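Listed below are the residues making up each chain.
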Amino acid sequence: GNSVTQMEGPVTLSEEAFLTINCTYTATGYPSLFWYVQYPGEGLQLLLKATKADDKGSNKGFEATYRKETTSFHLEKGSVQVSDSAVYFCALREYNFNKFYFGSGTKLNVKP
Amino acid sequence: ETGVTQTPRHLVMGMTNKKSLKCEQHLGHNAMYWYKQSAKKPLELMFVYNFKEQTENNSVPSRFSPECPNSSHLFLHLHTLQPEDSALYLCASSTSTTRDTQYFGPGTRLTVL
């Protein structure tokens with residue numbers, strides 16, 4: 001079956017630190033991979049996505065590379081800001097059907 | 001106007017009450033979804049509608065009853081809920097049910113007493 005596993009939080013960093021949030025997946029076929037972000041009191045917003053192996057998704061300084069050989073899609077950012085504090089969700093979507101499987105979310109706290 | 005709106009944003013209800021959650025999308029999408037977000041658990045897909053027709057019911061208890069009168073509106077009717085149903089209920093929409101990004105609303109925070 002399909003599933004997503006991401007590192008448990010919370011992750012606490014100082015401003016300008018390097019961020020990595022690990023995500024691994026199990027899937028049949030050729031899924032697309034996503035990172036969504038949820039700011040306090042808001043719904044999920046698409047952060048970035050990758051639709052095939054070796055694709056790199058990037059947005060707002062965040063990036064993640066679709067690694068089929070390690071079934072991973074780790075989220076990285078070189079220098080985090082206080083405004084990046086949020087919950088980050090890794091997700092996969094089955095090929096050719098819009099059914100998403102989400103990880104349990106990783107809370108990021110960035111301190112000034 | 002924001003893409004996907006949900007009302008109310010917060011709802012407190014007793015186990016014998018009947019209430020409804022509303023979702024509206026202004027994106028011209030044809031597919032809409034209900035998700036349940038509980039603390040420390042992955043998002044759970046509840047229902048999928050495509051062109052007003054329900055295409056997926058993810059083994060959701062009958063005390064949750066969805067309604068999709070048109071492609072822009074989605075309701076979740078609630079009756080005789082349990083305290084464990086307390087969660088954030090998220091609505092999402094997409095162009096179709098095949099290979100499209102889903103756009104989420106802000107959610108309704110439901111508390112069942």
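Residues numbered from 1 in each chain as written. Chains lettered and ligands numbered in written order. Predicted model: local features only at pLDDT ≥ 70, side-chain atom pairs only at ≥ 80, totals over all residues. Heavy atoms only, no water.

1. Section: the overall build of chain B
Tallying secondary structure elements over chain B gives zero helices and 11 strands in all. Taking 2.2 N^0.38 as the reference for a compact globule, 113 residues should give roughly 13 Å; the C-alpha atoms of chain B span a radius of gyration of 13 Å, in line with that estimate. Referenced to the eigenvectors of the C-alpha coordinate spread, the extents of chain B come out at roughly 35 × 30 × 30 Å. Within chain B, buried positions represent 48% of all 113 residues. (Helix = DSSP H or I, 4+ residues; strand = E, 2+ residues; numbered from the N terminus. Rg over C-alpha atoms; globule rule 2.2 N^0.38 Å. Buried < 20%, exposed > 50% of the residue type's maximum accessible area, 1.4 Å probe, protein only.)

2. Here we look at the pattern of salt bridges
Residue and element names in this part refer to chain B. Here the structure, examined in full by the defined rule, presents five salt bridges over all chains. Residue Lys41 is joined to Glu44 by a salt bridge in which the shortest nitrogen-to-oxygen separation is 3.5 Å. Given a relative accessible area of 30%, Glu44 falls into the partly exposed group. Between Arg63 and Asp85 there is a salt bridge, and its shortest N-O distance comes to 2.7 Å. Of this pair, Arg63 sits in the loop between strand E6 (53–57) and strand E7 (64–70) while Asp85 sits in the loop between strand E8 (73–79) and strand E9 (87–94); the two residues are 22 residues apart in sequence, bridging distant segments of the chain. Of the residues examined, Asp85 reaches a relative accessible area of 3% and is grouped as buried. (Salt bridge = Lys/Arg side-chain N within 4 Å of Asp/Glu carboxyl O.)

3. Here we look at the layout of surface pockets
Estimates place the volume of the largest pocket at around 720 Å³. Those elements that place two or more of their residues in the lining of the largest pocket are strand E10 (86–93) and strand E12 (106–111) of chain A together with strand E11 (108–112) of chain B. When residues of the lining of the largest pocket are assigned to their parent elements, the largest contribution, four residues, is made by E12 of chain A. Classifying every residue of the lining of the largest pocket by side-chain character gives 10 nonpolar, 13 polar and seven charged. (1 Å grid on protein atoms, 1.4 Å probe; cavity = no way out; pocket = protein on both sides within 12 Å on 5 of 7 lines; lining within 4 Å. Points joined across faces, edges and corners; volume = space filled by probe spheres on them. Nonpolar A, V, L, I, M, F, W, Y, C, P; charged D, E, K, R; others polar.)

4. A few points about the state of the cysteines
Linking two cysteines covalently via their sulfur atoms produces the bond known as a disulfide. Overall, the coordinates contain two disulfides over all chains when judged by the stated rule. Free cysteine: Cys68 of chain B, not disulfide-bonded; nearest cysteine sulfur from Cys91 of chain B at 9.0 Å. (Disulfide = S-S within 2.5 Å.)

5. Some remarks on the interface of chain B and chain A
Listed by partner, the interface residues are 24 residues for chain B and 20 residues for chain A. With both sides pooled, the region where chain B packs onto chain A buries about 1,700 Å², and carbon together with sulfur makes up 51% of that total. At the junction of chain B and chain A, the tally comes to zero salt bridges. Counting only elements with at least two residues in the side of chain B that touches chain A, the list comes to strand E4 (31–37) and E9 of chain B. Grouping the amino acids of the side of chain B that touches chain A by side-chain chemistry returns nine nonpolar, nine polar and six charged. (Contact = heavy atoms within 4.5 Å. Buried area = accessible area lost by both parts, 1.4 Å probe.)

6. Let's talk about the sheet that holds strand E1 (residues 4–7) of chain B
Consider a sheet: its strands pair through backbone hydrogen bonds, and that pairing is either parallel or antiparallel. Residues and elements named next belong to chain B. Spatial strand order, E1-E3-E8-E7: four strands in an open sheet with antiparallel pairing. Here the strands that pair on one side only, and so sit at the sheet edges, are E1 and E7. Here the strands of the sheet are splayed against their neighbours by 20° on average, with no regard to which way each runs. Relative to strand E3 (residues 18–25), E1 runs antiparallel, the two being bridged by four bridges. Within E3, the residue paired with Gln6 across the bridge is Cys23. (Pairing = 2+ DSSP bridges. Axes fitted to C-alpha atoms, helices over the stretch in contact; angles between N-to-C directions.)

7. A word on the nonpolar core
Counting residues in hydrophobic clusters, the biggest one holds 26 residues, and the most contacted among them are Leu19, Trp35, Leu47, Leu48, Phe73, Leu75 and Tyr88 of chain A. For this core, the elements supplying multiple residues, two or more each, are strand E2 (11–14), strand E3 (19–21), strand E4 (23–26), strand E5 (32–38), strand E6 (44–50), strand E8 (62–65), E10 and E12 of chain A. When residues of this core are assigned to their parent elements, the largest contribution, four residues, is made by E10 of chain A. Contacts of Leu19 of chain A, omitting those with residues within four sequence positions, involve Val11, Leu13, Phe62, Leu75, Glu76, Lys77, Val80 and Leu108 of chain A. Grouped together as the second largest cluster of nonpolar side chains are 22 residues, Cys23, Val60, Leu81 and Ala87 of chain B included. (Core = buried A, V, L, I, M, F, W, Y, C linked by side-chain atoms within 4.5 Å.)

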